[in-house]
Amino acid sequence: CYPVSVLNWSHHLVASAVYRLRPTETNAIISNLLGGATGQVVTLIGAEDRSCAVKSTSNILLRGGKSFMMHDGDTLQLLFDGRRWLEVSRSSSREE
């Protein structure tokens, strides 16, 4: 199990890790992740008090090319392929 770090918007991702999102504003958007080594896997966990969207971009490729609005307890796992972050899995803590 990896320690949980807080991810702010200028954070470089180092090693495989788990990051709890801490947006500074409501409905913040992540459209670019800095850093990354080929084969690196990161897990993002939704913030407890604010929602945050992870946007599918040229740097982050999400399933179906659609953004994922993350809430408390939601998770998103990404793999760096040397060029961009690819979605591996996601979970939503909200009932559909």
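Remember, predicted model here, so these are calculated numbers, not experimental data.

S.K.: I'm lost on the pairing of strand S6 (residues 41-45) in this one. Help?
M.R.: With 4 of its 5 residues buried, S6 lies for the most part within the structure. Taken together, the 4 bridges between strand S3 (residues 17-21) and S6 define a ladder with parallel strand orientation. Of the residues in S6, the one forming a bridge with Tyr 19 is Leu 44. Of the pairings in the sheet, the one linking S6 to strand S10 (residues 75-80) comprises 5 bridges and is antiparallel in character. Counted as the bridge partner of Thr 43 is Gln 77 from S10.

S.K.: When you look at the nonpolar core in this model, what are you seeing that I'm missing?
M.R.: Note that soluble globular proteins tend to have their nonpolar side chains buried in a common cluster. Formed by 18 residues in total, the largest nonpolar core has its most connected members in Ile 30, Leu 44, Val 54, Leu 62, Met 70, Leu 76 and Leu 78. Counting residues per element, the ones that place at least two in this core are S3, strand S4 (28-30), S6, strand S7 (52-54), strand S9 (68-70) and S10.

S.K.: So what exactly am I meant to see when it comes to the pattern of salt bridges here?
M.R.: Between side chains of opposite charge, a pair can form as their charged atoms come close. Tallied over the entire structure, the rule returns 3 salt bridges. For the salt bridge of Arg 84 with Asp 81, the shortest nitrogen-to-oxygen distance reads 3.9 Å. Residue class for Asp 81 comes out partly exposed when judged on its relative accessible area of 34%. Across the salt bridge formed by Arg 90 and Glu 87, the nearest N and O atoms sit 2.8 Å from each other. One connected set of salt bridges, linked through shared partners, spans Arg 63, Glu 87 and Arg 90.

S.K.: Looking at this structure, I do not really get the pairing of S10. What am I missing?
M.R.: Within a regular strand, side chains alternate between the sheet's two faces. Judged by which residues are buried, S10 turns out to be one-sided: Leu 76, Leu 78 and Phe 80 face inward and are buried, whereas Thr 75, Gln 77 and Leu 79, on the alternate face, are not. By the bridge criterion, 6 bridges tie S10 to strand S11 (residues 85-91) in an arrangement that is antiparallel. For Gln 77, the partnering residue across the bridge sits in S11 and is Ser 89. Between the end of S10 and the start of S11, which pair antiparallel, lie 4 residues, with Gly 82 showing a positive phi angle near 100°.

S.K.: What's the story with the sheet that holds S7 in this structure? I'm lost.
M.R.: In sheet architecture, strand pairing relies on hydrogen bonds along the backbone and comes in two forms, parallel and antiparallel. The strand order S4-S7-S9 describes an open sheet built from 3 strands, whose pairing is mixed. Either end of the sheet is taken by a strand with one partner, and the two such strands are S4 and S9. Going from strand to strand, the sheet's axes swing by 25° on average, the running direction of each strand aside. Here S4 pairs with S7 via 3 bridges, running parallel. Along S7, the bridge assignment pairs Ile 30 with Val 54.

The rules behind the values
Residues numbered from 1 in each chain as written. Predicted model: local features only at pLDDT ≥ 70, side-chain atom pairs only at ≥ 80, totals over all residues. Heavy atoms only, no water. Buried < 20%, exposed > 50% of the residue type's maximum accessible area, 1.4 Å probe, protein only. Helix = DSSP H or I, 4+ residues; strand = E, 2+ residues; numbered from the N terminus. Pairing = 2+ DSSP bridges. Core = buried A, V, L, I, M, F, W, Y, C linked by side-chain atoms within 4.5 Å. Salt bridge = Lys/Arg side-chain N within 4 Å of Asp/Glu carboxyl O. Axes fitted to C-alpha atoms, helices over the stretch in contact; angles between N-to-C directions.

Keep in mind these values describe shape, not function.
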